[in-house]
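One letter stands for each residue in the lines below.
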Amino acid sequence: MPSLWKRITFSVASVLCVGSVVLLVVALSTERWVTGRILCKTGAEIVNASHPELEQFIGDIYYGLFQGGKTKKCGLGNRRSKIYIFPKLVRALNGGLHMMVILFLLVAVGFALVSLSFCIYNARKVPYQSIKGHKGLYLWNFIAALFGALGVLCFLAAVRHHSLTERVANHRENLFVLVVLDDSLDWSFWLGVGSIATHFAVCGVVAMSRIKLPKPEIKKPEEPTLSALDLLY
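The numbers attached to residues start from 1 for each chain and follow its sequence in the written order. This being a predicted model, a pLDDT of at least 70 is required before a residue's local features are given, and a value of 80 or more before pairs of side-chain atoms are given or counted; all residues contribute to the totals for chains, interfaces and linings. Working from all heavy atoms in the structure, the side-chain values ignore hydrogens and water.

Novice: Please explain the overall build of the protein chain as it appears in this structure.
Specialist: Tallying secondary structure elements over the protein chain gives eight helices and five strands in all. From first element to last, N terminus to C terminus, the protein chain shows the α and β order α-β-α-β-β-β-α-α-α-α-β-α-α. Using a 1.4 Å probe on the protein chains alone, a residue whose accessible area is under 20% of its type maximum counts as buried, one over 50% counts as exposed, and one in between counts as partly exposed. Per-residue burial for the protein chain yields a buried fraction of 40% across its 233 residues. Any two residues having at least one pair of non-hydrogen atoms within 4.5 Å are treated as being in contact. Sequence separation of at least 24 residues holds for 71% of the intrachain contacts in the protein chain that already meet a minimum separation of 6. The Shrake-Rupley method, run with a 1.4 Å probe, gives the accessible areas here. Residue values count only the displayed protein chains as cover. As displayed, the protein chain has an accessible area near 14000 Å², and 63% of this comes from carbon and sulfur atoms. What counts as a helix is a DSSP run of H or I of at least four residues, what counts as a strand is a run of E of at least two, and both are numbered from the N terminus.

This is how it looks when you write it as structure tokens:
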């Protein structure tokens, strides 16, 4: 049976592993990986809009790994539309890179669950094999953090070097050309980054579990001493 200190530290590590899984699942399922502003270039050129009038042709866009949305302003009022990455839009993107992002993050979720199971095991039992103990936990968390980092970096490369936002914005636009004025990484992306940091925190907690705390000394009750007078009575 592990000591109380080890049970506490491995329980904290288990909570962190659960947190990592939740962060990745939420990041995968939400639509705020990127947000930005888009200019309807065609509408602005038709009316020869000057700088103050350009605000009437600036809309917004947001999207995640599976879907998103945009609002375009082309002189006909606000037009909102939903964006679905699968099954058609992914063909217009760098499909292989996009699938790699999703695959890497799913693998990271899998190894985070493996790490969680090992944390629970170590909180309940003392493992006989080192791979089931601290070394195994370091390994699984490193692999989970590695695949999470690969997924995040691949998405970052798609946004910065493959004009991902521009391709998403102009999908199925036959009459208008939309120009991306600016785009930024939003909270869904940073949830993925937070999941990576969580695994390093797990490794730190696991390392703390190896600290040996001093055991409290239990004082033995003093035996009563009998004097000569006590014996007389």
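And the narrative resumes.
Novice: For this particular structure, what's the right way to read helix H3 (residues 85-92)?
Specialist: Along an α-helix, residues three or four positions apart point the same way, because every turn accommodates 3.6 residues. Listed as buried for H3 are Ile 85, Leu 89 and Val 90. Down the axis of H3, the buried set is contained in an arc of 110°. They therefore lie on one face. Exposed residues lying more than 90 degrees from the buried face of H3 are Pro 87, Lys 88 and Arg 91. Turning to H3, the residues buried within the fold contact strand E3 (67-73), strand E4 (78-84), helix H4 (95-124) and helix H6 (164-169). Summarising the geometry, the arc corresponds to the directions from the helix axis toward the C-beta atoms.

Novice: I keep staring at the packing of aromatic side chains and nothing clicks. Help me out?
Specialist: Aromatic ring pairs are defined here through the distance separating the ring centres and the angle between the ring planes. Centres within 6.5 Å make a pair out of two Phe, Tyr or Trp rings, where for Trp the six-membered ring is used; the pair is then stacked when the planes are under 30 degrees apart, edge-to-face when over 60, and tilted otherwise. Applying the stated criterion across every chain yields a total of nine aromatic pairs. A ring pair is formed by Phe 155 and Phe 189, whose centres lie 6.3 Å apart and whose planes are at 35°; its orientation type is tilted. Of this pair, Phe 155 sits in helix H5 (residues 134-161) while Phe 189 sits in helix H7 (residues 187-208), and the two are 34 residues apart along the sequence. Phe 189 carries the same exposure label as Phe 155, and that label is buried. Among the aromatic residues, those joined into a cluster by ring pairs are Phe 104, Phe 111, Phe 118, Trp 140 and Phe 147. Here, a charge over a ring is recorded when the distance from Lys NZ or Arg CZ to the ring centre is within 6 Å and its angle to the ring normal is within 35 degrees. The ring of Tyr 62 is capped by Arg 32, whose NZ or CZ atom sits 4.0 Å from the centre of that ring.

Novice: Teacher, can you tell me more about empty space enclosed by the protein here?
Specialist: Take a probe with the size of a water molecule and roll it over the atoms, and the empty space left behind shows itself. Every definition here rests on a 1 Å grid over the protein atoms only: cavities are sets of points where a 1.4 Å probe fits but cannot get out, pockets are open sets enclosed by protein on both sides within 12 Å along at least five of seven lines, and lining residues have some atom within 4 Å of a point. Grid points are joined across faces, edges and corners, and a volume is the space filled by probe spheres set on the points. Inspection of the entire model under this criterion finds one cavity of 30 Å³ or more. Of the voids in this model, the largest cavity is the one considered here, and its volume is about 40 Å³. As for the largest cavity, its lining consists of Leu 93, Asn 94, His 98, Val 101, Phe 155, Ala 158 and Leu 164. At the level of elements, H4 and H5 are the ones that each hand at least two residues to the lining of the largest cavity. The classification used treats Ala, Val, Leu, Ile, Met, Phe, Trp, Tyr, Cys and Pro as nonpolar, Asp, Glu, Lys and Arg as charged, and all other residues, Gly among them, as polar. Residue classes in the lining of the largest cavity are distributed as five nonpolar, two polar and no charged.

Novice: Please explain a nonpolar patch on the surface as it appears in this structure.
Specialist: Taken together, the side chains of Val 18, Val 22, Val 26 and Trp 187 present a nonpolar region at the surface, about 320 Å² in accessible area. For the nonpolar patch, the element with the most residues is helix H1 (residues 4-29), which contributes three residues. Here Val 22 shows up in helix H1. Nonpolar side chains (Val, Leu, Ile, Met, Phe, Trp, Tyr) are joined into patches within 5 Å and like charges within 9 Å, using only residues with over 30% relative accessible area and no salt bridge. Salt bridge, as used here, is a side-chain nitrogen of Lys or Arg placed within 4 Å of a carboxyl oxygen of Asp or Glu.

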